[in-house]
Amino acid sequence: MHPNTLSTGCPWDGSPRTTPTRRPLRVAATSPSRLLRAGQSGRCRRCGNRIDFYQRTDQRPIALHPAELTAADVPASCRWHLSSGIAHPHGDGSAWCRVPHAVLCPDRTPTTRTGPHLEAVRRQLAVRTRRLIDTGAFTPAPPAACEPPAGSNRPTRSVVQLLLGRYLAETPVEGIRCVAQTRHRHRCPEPVLAPNTPQGLWTLLPASPQRGQLTLPATLMAVYDLSRLPYTEQMRWRTQRCPAHAAHPGAADLALAGWQVFDPLLHAAHIRTRLPHTAPGHHGKA
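Now for a quick tour of the structure. Treat the numbers as computed from the prediction; the structure is a model and nothing was measured.

Points about the pairing of strand β3 (residues 61–64)
- Only one face of β3 is buried: it carries Ile62 and Leu64, and the other face, with Pro61 and Ala63, is open.
- Sheet analysis places strand β2 (residues 50–56) next to β3, joined by four bridges and oriented antiparallel. Its bridge partner being in β3, Tyr54 is matched across the sheet by Ile62.
- If you look at the hairpin formed by β2 and β3, you'll find four residues sitting between the two strands, and Gln59 has a positive phi there, around 70°.

This is the structure we're talking about:
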């Protein structure tokens, strides 16, 4: 006798084999956030514990503790809730709330009274951090170098002026990367600075402080000025997309845009008083 081998890829009883259809992650057209849920998780660089990134109403990111906590055990100033993917800095009236990771991070000094329940969570995260370090799964990030390499005046984090404001990028202008998702479900590798698009201009502008802050000495700082570009181009930079993905606004994001509202007092280490070196003939353009 010969075994009855099925060549159709069916199970042993001959029933048809069904392959589940892969459902791609999509963002609803009415969603105020374009960030996919798969792109919201990460790990704290200081303690190694998991964090979830969300956008606030002012489009700035915030890192929240991934688990909900009982609202009665959390001070009112530390309560956050989510609505349509947007984080709001207060409770929503339910018995649960989210807490910023900065409140629980064992590598940070609490700036507010947290209470015994949050201190217990903080100790659990500290034990987890120690376990990750002991097993080699996590190495605390060294203090960020505030000064660029010797002999170079290229800023490690560029200050960009667009949409009537100044923003601090995570990297130099050339390293700002598109945050959109590709067809292969990976983050787009293309830079935002494209050679076939209008270019900004490196210029020296006054390092004026924000309203209500102490005045700074009258100094000029290097700023990559995009304010003369069309509005659509400035929005492309603000949403941190390459030209190809800017033409398809329905594409979802796999990461948050890395902009921070520039504060000359908080970000004084990133102020450069000389223009970056540029190639001959560029006249200050990046």
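Resuming the write-up.
Structural notes on the sheet that holds strand β10 (residues 201–206)
- Strands sit in the order β10-β11-β8-β9-β12 across an open sheet of five strands; the sheet is mixed. The two strands at the open ends of the sheet, each matched to only one other strand, are β10 and β12 (260–261).
- Here β10 runs beside strand β11 (residues 220–225); their pairing, made up of six bridges, is antiparallel. Looking across to β11, one finds that Pro206 is bridged to Leu220.

Considering the side chain of Arg166
- Secondary-structure assignment places Arg166 in strand β9 (residues 165–168).
- Asp225 provides the closest opposite charge to the buried, salt-bridge-free Arg166, at an N-O distance of 7.9 Å.
- A polar contact of 2.9 Å, which involves the side chain of Arg166, links it to the side chain of Gln161.
- Apart from the residues within four sequence positions on either side, Arg166 is in contact with Val159, Val160, Gln161, Leu205, Pro206, Ala207, Ser208, Met221, Val223, Gln260, Val261 and Phe262.

Some details on unusual backbone geometry
- One non-glycine residue, Leu163, lies in the positive phi region at around 50°.
- By the element assignment, Leu163 lies in the loop between β8 (159–162) and β9.
- Look at Arg185: it is not a glycine, yet its phi comes out positive at around 65°.
- Within the fold, Arg185 resides in the loop between β9 and β10.
- Here Arg185 falls in the partly exposed class, since its relative accessible area comes to 36%.

Let's talk about the pattern of salt bridges
- One pass over the full model with this rule turns up six salt bridges.
- Residue Arg236 is joined to Glu233 by a salt bridge in which the shortest nitrogen-to-oxygen separation is 3.0 Å. In this pair, Arg236 and Glu233 both sit in helix α3 (residues 231–238), three residues apart, roughly one turn of the helix. The residues Arg236 and Glu233 share a single accessibility class, namely buried.
- The closest approach of N and O atoms between Arg241 and Asp253, which form a salt bridge, is 2.6 Å. Of this pair, Arg241 sits in the loop between α3 and α4 (243–246) while Asp253 sits in the loop between α4 and β12, and the two are twelve residues apart along the sequence. For the pair formed by Arg241 and Asp253, the shared burial category is buried.

Thresholds, definitions, all that
Residues numbered from 1 in each chain as written. Predicted model: local features only at pLDDT ≥ 70, side-chain atom pairs only at ≥ 80, totals over all residues. Heavy atoms only, no water. Buried < 20%, exposed > 50% of the residue type's maximum accessible area, 1.4 Å probe, protein only. Helix = DSSP H or I, 4+ residues; strand = E, 2+ residues; numbered from the N terminus. Pairing = 2+ DSSP bridges. Lys, Arg positive; Asp, Glu negative; His and termini not counted. Salt bridge = Lys/Arg side-chain N within 4 Å of Asp/Glu carboxyl O. Polar contact = N/O pair within 3.5 Å; in protein donor to acceptor, adjacent residues only side chain to side chain. Contact = heavy atoms within 4.5 Å.

Everything listed is a geometric property; what it means functionally is a separate question.
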